[in-house]
Amino acid sequence: MADRTARLSVDGIKGTIELPIHLGTVGPDVVDVAPLTAKGIFTYDPGFVATASCQSAITYIDGDEGVLLYRGYPIEQLAEQSDHLEVCYLLLNGELPNAKQKQEFVRTITRHTMVHEQLRTFFNGFRRGAHPMAIMCGVVGALSAFYHDSLDIDDEAHRKITAHRLIAKIPTIAAMSYKYSIGQPFLYPRNDFDYATNFLYMMFGSPCETFEPNPVISRAMDRIFLLHADHEQNASTSTVRLAGSTGANPFACIAAGIAALWGPAHGGANEAVLKMLREIGSPKNVPKFVKRAKDKNDSYRLMGFGHRVYKNYDPRAKIMQETCREVLTELGIDRDPLLQIATQLEKIALEDEYFIEKRLYPNVDFYSGIILKAIGIPTEMFTVIFATGRTPGWIAHWKEMVSAPYKIGRPRQLYLGPKKRDFVPIEQRTS
Ligand code: SDX
């Protein structure tokens, strides 16, 4: 039921076209453009800058106010008082778990962290130096070959076990991608560790010695997963939804999301931030790079700055900055040269007219890379960490879509190619 109506008059079309307007709980109203197709007209919105692709009740962003809500709860409160697995439950189920529900959910996830033994041999098909995102993409897509018992997307129980398996196994696969790349043995998950500590154990542990968890580092890792858990209809989540709309199995849909996240304009930005900071090399070189980023004739951009939706400070960046200082202090590297460059870059950019006018602020990726580097995670693993954190969000959106009636996604286009013309036999072709 529409709440208001937009009326469009189009040259050459008699009368006006009535377009229903739907109101959200909060945020912009949306104009339903479906009636346009009956008039032979499409809307045109490259990059979907002004297009609401679906209805959703999972995450809300107010880009002007720098607000991010997971099922209505502010990200600042969740980062401070909750943990990643509790947020996974919230994103999947819509409500925070009570003590019994949380205990059962954590127990279920903990008991699904191992991968099928046969999957371990899958890694051997990759060169040792393969980018871990290439490995993660391939291995997650291959998971569907191991779970024929739970691929009926119309079966709620299948959707539930698949969601649990993916949340539980993604850190194991991420750590295995790393271990494979450095030629070290895979470590089996440990059920006595919490989610983030278990991931750090599988990444940095060794069969030759005991692993001593650092609670400050584990908390920071958990917070990084939590801050990346969801972000409404971003490029990779929209990819998961589009793949899911064809009825593809959830493992294939999440693999599609991983592939989309890899790009430097999206989840690959954290890796690109570190490369940029290393390229800048010293705080004194910052003005030169800021100048390049402002030059319209130079495609160079400051990685970690700007956002399609946030035209104010990304609330996740603020929390990440605080976590960054906690980690560097704990590790006694609070004079990290890359942090000094990042701090100088942020200061200059936030005072610069170009960045103020274009409302370019540090985003989630600006500080996460510095934390990950300090923890000892190699740069090429940064987007793998992002994908690990984002998995519950991808699954929550996939589940939200396939749990209700949906249509296959099939955008149209503005065609600018040649008009109809007849085939020319090769002997008659001159050019
Ligand atoms: C993520 O969508 C999400 O929610 C994503 C994400 C999530 O959690 O899923 O938040 C995660 O992907 C964060 C973004 C990480 N990417 C980067 O840090 C890469 C650097 N940022 C830019 O590539 C850019 O800001 C984007 C891609 C993030 C956003 O691009 P938009 O919204 O399409 O904006 P735009 O490219 O049209 O830029 C607007 C203007 C342009 O100038 P004009 O053409 O108007 O003159 O701002 C300029 C751009 O040139 N601009 C920058 C800039 N980002 C935009 N100039 C210099 N440095 C930058 N980083």
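Summary of the structure given here. (Residues numbered from 1 in each chain as written. Predicted model: local features only at pLDDT ≥ 70, side-chain atom pairs only at ≥ 80, totals over all residues. Heavy atoms only, no water.)

## Remarks on the overall build of the protein chain
The number of helices and strands found in the protein chain is 18 helices and six strands. For the C-alpha atoms alone, the extent of the protein chain along its principal axes is close to 80 × 60 × 60 Å. Expressed as a percentage of the 431 residues in the protein chain, the buried residues total 46%. Long-range pairs, those at least 24 residues apart, make up 69% of the contacts in the protein chain between residues at least 6 apart in sequence. Just so you have it, the protein chain exposes about 22,000 Å², and 53% of that area is on carbon and sulfur atoms. (Helix = DSSP H or I, 4+ residues; strand = E, 2+ residues; numbered from the N terminus. Buried < 20%, exposed > 50% of the residue type's maximum accessible area, 1.4 Å probe, protein only. Contact = heavy atoms within 4.5 Å. Areas by Shrake-Rupley, 256 points an atom, 1.4 Å probe, with all protein chains shown as cover.)

## Some thoughts on the sheet that holds strand β4 (residues 59-62)
The strand order across the open sheet formed by three strands is β4-β5-β6, and the pairing between neighbours is antiparallel. The open sheet terminates on both sides in strands that have one partner only, identified here as β4 and β6 (73-74). Looking at chain direction, β4 and strand β5 (residues 67-70) are connected through four bridges and run antiparallel. Considered in β5, the bridge of Tyr-60 is made with Leu-69. (Pairing = 2+ DSSP bridges.)

## Quick look at the site of the ligand
Around the ligand, the surrounding shell holds 24 residues, and the nearest of these are His-231, Lys-296, His-307, Arg-316 and Arg-390. In the environment of the ligand, an oxygen atom lies 2.8 Å from a nitrogen or oxygen atom belonging to the backbone of Gly-304. Between the ligand and Arg-390, the relevant distance is 2.7 Å, taken from an oxygen atom to a side-chain nitrogen or oxygen of the residue. Coverage of the ligand by the protein chains reaches 77% of its 1,100 Å² of free accessible surface. (Near = heavy atom within 4 Å. Polar contact = N/O pair within 3.5 Å; in protein donor to acceptor, adjacent residues only side chain to side chain.)

## So, the nonpolar core
Met-136, Phe-199, Met-221, Ile-258, Leu-345 and Ile-377 are the most contacted members of the largest nonpolar core, which totals 117 residues. Apart from the residues within four sequence positions on either side, Phe-199 is in contact with Pro-171, Ala-174, Ala-175, Met-221, Phe-225, Ile-377 and Ile-385. (Core = buried A, V, L, I, M, F, W, Y, C linked by side-chain atoms within 4.5 Å.)

## Section: the sheet that holds strand β1 (residues 4-9)
Judged by pairing direction, the sheet is antiparallel, and its three strands sit side by side in the order β1-β2-β3 without closing on themselves. Either end of the sheet is taken by a strand with one partner, and the two such strands are β1 and β3 (30-31). When β1 meets strand β2 (residues 16-22), the two strands line up antiparallel, connected through six bridges. In the strand pairing of β2, Thr-5 is matched with Pro-20.

All quantities given are derived from atomic positions and should not be read as evidence of function.
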